Amino acid sequence: MSNAPLLNELSQRALAGLRQTPKCLPSMYFYDDEGSRLFQRIMRLPGYYLTEAEHEILAQQWPKLLDAFTPDGRPFKLIELGSGDGSKTLALCTAFLKARASFSYVPVDISAHALNSLLKAFEHNLPSLRVHPRMGDYFSGWQQPEHGQRQIVMFMGSNLGNLTLDEALTFLRQIRGHLRPGDGLLLGLDLMKNPHTLLAAYNDPEGVTAAFNLNLLRRLNRELGMNFQLERFSHYACYSPLDGAARSFLVSLDKQTVRSTRLDLQLQFEAGETIYTEQSQKYSPAMIRQLAQDSGFASALHLQDQQGRYGVSFWQAL
Ligand SMILES: C[S@@+](CC[C@H](N)C(=O)[O-])C[C@H]1O[C@@H](n2cnc3c(N)ncnc32)[C@H](O)[C@@H]1O
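Because the structure is a prediction, the values reported are computed rather than measured. (Residues numbered from 1 in each chain as written. Predicted model: local features only at pLDDT ≥ 70, side-chain atom pairs only at ≥ 80, totals over all residues. Heavy atoms only, no water.)

Asks: An account of the site of the ligand is requested, with residue identities and associated values reported.
Replies: Around the ligand sit 18 residues, and of these Y31, G82, K88, D109 and D137 come closest. Take G82: an N or O atom from its main chain is 2.7 Å from a nitrogen atom of the ligand. Taking G157, its main chain carries an N or O atom lying 3.4 Å from an oxygen atom of the ligand. Calculation on the ligand without its partners gives an accessible area of 600 Å², and the protein chains cover 94% of this total. In terms of residue class, the shell around the ligand is built from seven nonpolar, seven polar and four charged. (Near = heavy atom within 4 Å. Polar contact = N/O pair within 3.5 Å; in protein donor to acceptor, adjacent residues only side chain to side chain. Areas by Shrake-Rupley, 256 points an atom, 1.4 Å probe, with all protein chains shown as cover. Nonpolar A, V, L, I, M, F, W, Y, C, P; charged D, E, K, R; others polar.)

See below:
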């Protein structure tokens, strides 16, 4: 699979962000092939508890999820938005198949690298599962299922947290718009907790998160002909307990000018000036209930890992 069709729109969004004050980049821009590889390494870092906690919930509590997805045993279509390499979903699908559930799986992702890894793993481990990958933006090419088939949308890995609360609400309403009453939405959401634990997840001593963040500049150099010198920027992460948002930035280490050889573009950076690259919102149980209510869902099930760090919520479309 190739990444080509999305480059123009993405590049335009990246450019618009760089021209703003303060400068920012869309977090969707992280996931070129190298970014996806680096994110797979982040998920294995000891401090990045999100993956382990979500995996624990899916591996240990899947029977409750299967019951919620199909209380009457009807076939369902599992549509995973931003599936990544699907490693946690593979474990869930394996358990569902063992329990003789009837379902198909539609992973959707903009990253060709992530989808190819996913397909390889699913073909190898679950050859009998019907997998219909869709490469592209979350909502492009969404097909309504056959009559009688329930749609269960998954949005895991705390992906929703990359949106502001207003954007998240708009996004959830957009998902709701593609569903019929009785369809479901499964969300993996990181919970508010000790700020030290949270910050460590975005500031690993191994420097993998820094490399992931800086890879944005490498991508801008490659795709927009920019001449960013990566060693003149550094990764900075912070967490604000007041609004529950972890945020990542790239910091210009000195006053500098960055140019594009292909575009009519020249960017000035002051020493210490930042590019805002990602937000990772954390939620309280009350915030989760409110989001469900405001976007046309009933909050049906809320599961947490044993340490109470992370939540998986199942909502039903009203
Ligand atoms: C943080 S990773 C999470 C992956 C997976 N859900 C997990 O929990 O391990 C986000 C994934 O969403 C994909 N993604 C980001 N923005 C997207 C968009 N607008 N449309 C489709 N996929 C997107 C990225 O390519 C990446 O694989």
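Asks: Give me the lowdown on the environment of L160, citing residues and values where you can.
Replies: Of note, L160 is situated in the loop between strand 6 (150-155) and helix 6 (165-177). Its relative accessible area of 0% is what places L160 among the buried residues. Note: C-alpha distance between L160 and D190 (30 residues apart in sequence) is 9.4 Å. Other than its neighbours up to four places away in sequence, L160 contacts F155, A168, F171, L172, L189, Y283 and L291. (Helix = DSSP H or I, 4+ residues; strand = E, 2+ residues; numbered from the N terminus. Buried < 20%, exposed > 50% of the residue type's maximum accessible area, 1.4 Å probe, protein only. Contact = heavy atoms within 4.5 Å.)

Asks: I'd love a proper account of the nonpolar core, names of residues and values included.
Replies: Counting residues in hydrophobic clusters, the biggest one holds 69 residues, and the most contacted among them are F69, F76, L78, F96, L217, L220 and F228. When residues of this core are assigned to their parent elements, the largest contribution, nine residues, is made by helix 3 (residues 49-69). In terms of domain composition, this core takes at least three residues from each of domain 1 (13-29 + 204-281) and domain 2 (49-191 + 283-317). Setting aside anything within four residues of it in sequence, one finds F76 in contact with L66, F69, T70, F96, A101, S102, F103, S104, Q149, R150 and I152. Grouped together as the second largest cluster of nonpolar side chains are 26 residues, I79, A168, L172 and A292 included. (Core = buried A, V, L, I, M, F, W, Y, C linked by side-chain atoms within 4.5 Å. Domains from an automatic or database assignment.)

Asks: Provide a residue-level description of the confidence of the model for the protein, including the pertinent values.
Replies: Of all residues in the protein, 98% attain a pLDDT of 70 or more, and the chain-wide mean is 94. Counted against residues more than four places away or in other chains, residues 1-6, with its pLDDT under 50, gives 16 contacts. (pLDDT = per-residue confidence, 0-100.)

Asks: If you had to explain the domain arrangement of the protein to someone new, which residues and values would you point to?
Replies: Domain boundaries assigned for the protein yield domain 1 (13-29 + 204-281) and domain 2 (49-191 + 283-317). Each of domain 1 and domain 2 has a C-alpha centre, and the two are 30 Å apart. Counting from both sides, the interface comprises six residues of domain 1 and, opposite them, eleven residues of domain 2. Taken as a group, M28, Q279 and Q281 account for 84% of the area that domain 1 buries against domain 2, more than any other trio of residues on that side. (Buried area = accessible area lost by both parts, 1.4 Å probe.)

Asks: Tell me about the sheet that holds strand 9 (residues 245-252), and please be specific about residues and values.
Replies: Reading across the sheet, the four strands line up as 1-12-9-8 and stay open at both edges, with mixed pairing between neighbours. Where the open sheet ends on each side, the last strands, each with one partner, are strand 1 (23-24) and strand 8 (233-240). Pairing analysis gives seven bridges linking strand 9 to strand 12 (residues 274-281), with the strands arranged antiparallel. If you follow S248 over to strand 12, its bridge partner there is E278. Its contacts with the sheet put helix 8 (residues 208-224) on strand 8, strand 9 and strand 12, and the angle it makes with strand 9 is roughly 60°. (Pairing = 2+ DSSP bridges. Axes fitted to C-alpha atoms, helices over the stretch in contact; angles between N-to-C directions.)

Asks: Give me the packing of aromatic side chains: which residues, what numbers.
Replies: Per the stated rule, a full pass over the model turns up 27 aromatic pairs. Judged by centre distance (5.7 Å) and plane angle (85°), the rings of F69 and F96 are edge-to-face. Within this pair, whereas F69 is found in helix 3, its partner F96 is found in helix 4 (residues 87-98), the two being separated by 27 residues in sequence. Residues F69 and F96 agree in their burial class; the two are buried. When the centroid spacing of 5.3 Å and the interplanar angle of 50° are considered together, the rings of F69 and F314 count as tilted. Of this pair, F69 sits in helix 3 while F314 sits in strand 14 (residues 310-317), placing them 245 residues apart in sequence. When its relative accessible area of 1% is taken as the criterion, F314 is described as buried. One aromatic cluster in this structure is built from F30, Y31, F39, Y48, Y202 and F212. Looking at K23, its charged tip hangs above the ring of F269, at a distance of 4.7 Å from the centre. (Phe/Tyr/Trp six-rings, centres within 6.5 Å; stacked < 30°, edge-to-face > 60°. Lys NZ or Arg CZ within 6 Å of the ring centre and 35° of its normal.)

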